[in-house]
Amino acid sequence: MAGLLEGDIAVVTGAGSGIGRAIAKGFAAVGAKVVVADINEAGASETASMIAQAGGEALSAVLDVTDRASCAALAEIVAQQYGATSVLVNNAGIVRREPITADKANEDWDAIMRVNATGPYNVTKAFLEPLKETKGRIVNIGSIQSHVHTGNAVAYTVAKHGVLGFTRALAAELGPDGIRVNAIGPGFIRTPLNAENRAKTDTEAQFIGKTPLGRAGEAEDITGPAIFLASAMSAFVTGALVPVDGGYLTL
Ligand SMILES: NC(=O)c1ccc[n+]([C@@H]2O[C@H](COP(=O)([O-])OP(=O)(O)OC[C@H]3O[C@@H](n4cnc5c(N)ncnc54)[C@H](O)[C@@H]3O)[C@@H](O)[C@H]2O)c1
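Everything quoted here is computed from the prediction, not taken from an experiment. (Residues numbered from 1 in each chain as written. Predicted model: local features only at pLDDT ≥ 70, side-chain atom pairs only at ≥ 80, totals over all residues. Heavy atoms only, no water.)

Trainee: Please give an account of the site of the ligand that cites residues and values.
Mentor: Residues in contact with the ligand amount to 29 residues; listed here are only the nearest, S17, D38, N91, Y156 and T191. Measuring from an oxygen atom of the ligand, one finds a backbone N or O atom of G187 at 3.4 Å. Interatomic distance of 2.8 Å between a backbone N/O atom of I189 and an oxygen atom of the ligand. For the ligand, the accessible surface in isolation is 830 Å², of which the surrounding protein chains cover 91%. Mapped by element, the contributors of at least two residues to the shell around the ligand are α1 (18-29) and α6 (154-174). (Near = heavy atom within 4 Å. Polar contact = N/O pair within 3.5 Å; in protein donor to acceptor, adjacent residues only side chain to side chain. Areas by Shrake-Rupley, 256 points an atom, 1.4 Å probe, with all protein chains shown as cover. Helix = DSSP H or I, 4+ residues; strand = E, 2+ residues; numbered from the N terminus.)

Following this line, the structure appears as structure tokens:
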């Protein structure tokens, strides 16, 4: 796969941890200059250092995907320091699991919608011009919950169904500009996002029980599919969601 993203400038949101970090490292390893964007400054610079130590090129940046001014500021910085962004990965996300009757349900609904549904819209809007200029590629991180629900996660399920709709609508609208828009639907992936849940509940065992490949995923399981969707290997693929879930959706 060496060189698959040579010459590309890739912005990965939420790249200070988990899946975003794995994608950023994978992109750099196949030649992209990577912008590691995250609300968590320390996490972002740690990822950028890992990439530099491995011989790649990365710029770390603070970004809050819920803040349109922050998204516009990042687009400006990337344009000045690197040039025209050709790959955007909308990966930043949060999860909160609770029933709709919980005291915090309203607050959590708003937070999840802001980050997981409106976030990808905000960042995409900010990077539209360079993506048009480069006939770029957008990869949105959905979920198995773009198709089904899992326990106590109404807001997250709605937001991730929204990511699938966003992917399809944008693929249709931006296809004539040469921009491809696809999504990845991870299954249960062991990252800091679900570390507390894994420690306190049997959620992981429940997922594995419904996963034909019989294991949880690791962040690195998402890297190859992300490179595929970001590179010319998927030149005629747009509007698709690739499940990366060990077969969870087949059951
Ligand atoms: N881990 C899983 O099992 C799983 C499954 C399906 C989908 N996903 C999705 O994958 C994506 C990455 O999740 P992960 O498991 O790597 O989680 P993670 O918590 O390890 O990483 C998420 C990153 O997003 C950042 N972030 C949160 N809010 C932000 C904001 N407002 N602006 C910018 N950055 C922000 C966090 O600081 C963090 O670095 C999310 O969209 C998540 O919904 C994860």
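Trainee: Can you lay out helix α9 (residues 223-230) for me, pointing to particular residues and giving the numbers?
Mentor: Listing the buried residues of α9 in full gives T223, A226, I227, L229 and A230. Taken end-on, α9 shows its buried residues confined to a sector of 165°, consistent with a single buried face. Those residues of α9 that are buried lie in contact with α1, β4 (87-90), β5 (137-141), β6 (180-186) and β9 (241-244). (Buried < 20%, exposed > 50% of the residue type's maximum accessible area, 1.4 Å probe, protein only. Arc of directions from axis to C-beta. Contact = heavy atoms within 4.5 Å.)

Trainee: Residue-level account of the pattern of salt bridges, with values.
Mentor: The tally for this structure, following the rule as stated, stands at 8 salt bridges. Close ionic contact of R96 with D108 constitutes a salt bridge, the shortest N to O distance being 2.7 Å. Of this pair, R96 sits in the loop between β4 and α4 (105-126) while D108 sits in helix α4, and the two are 12 residues apart along the sequence. D108 gets classed as buried once you look at its relative accessible area, which sits at 2%. When the shortest N-O distance is used, the salt bridge between D221 and R215 registers 2.9 Å. One salt-bridge network, in which partners are shared between bridges, spans R96, K104 and D108. (Salt bridge = Lys/Arg side-chain N within 4 Å of Asp/Glu carboxyl O.)

Trainee: How would you summarise the sheet that holds strand β3 (residues 57-62) if you had to cite specific residues and measurements?
Mentor: The 7 strands lie next to each other as β3-β2-β1-β4-β5-β6-β9, forming an open sheet whose pairing is parallel. The strands lining the two open edges of the sheet, one partner per strand, are β3 and β9. Neighbour-to-neighbour, the strand axes of the sheet open up by a mean angle of 20°, direction not taken into account. Pairing analysis gives 4 bridges linking β6 to β9, with the strands arranged parallel. Bridge assignment links I184 to a residue of β9, and that residue is V242. In this fold α4 packs onto β1 (9-13), β4 and β5, with an angle of close to 165° to the strand it touches most, β4. Those strands touched by α6 are β4, β5, β6 and β9, and its axis lies near 165° from that of β5. (Pairing = 2+ DSSP bridges. Axes fitted to C-alpha atoms, helices over the stretch in contact; angles between N-to-C directions.)

Trainee: Provide a residue-level description of the nonpolar core, including the pertinent values.
Mentor: Counting 30 residues, the largest nonpolar core has V12, I23, F27, V34, V36, V89 and I184 as its most contacted members. Sorting the residues of this core by element identifies β1, α1, β2 (33-38), α2 (41-53), β4, β5 and α9 as the ones contributing at least two each. Discounting residues that sit within four places of it in the chain, V36 has contacts with V12, A15, G16, A24, A44, T47, A48, I51, A58, L59, S60 and A61. (Core = buried A, V, L, I, M, F, W, Y, C linked by side-chain atoms within 4.5 Å.)

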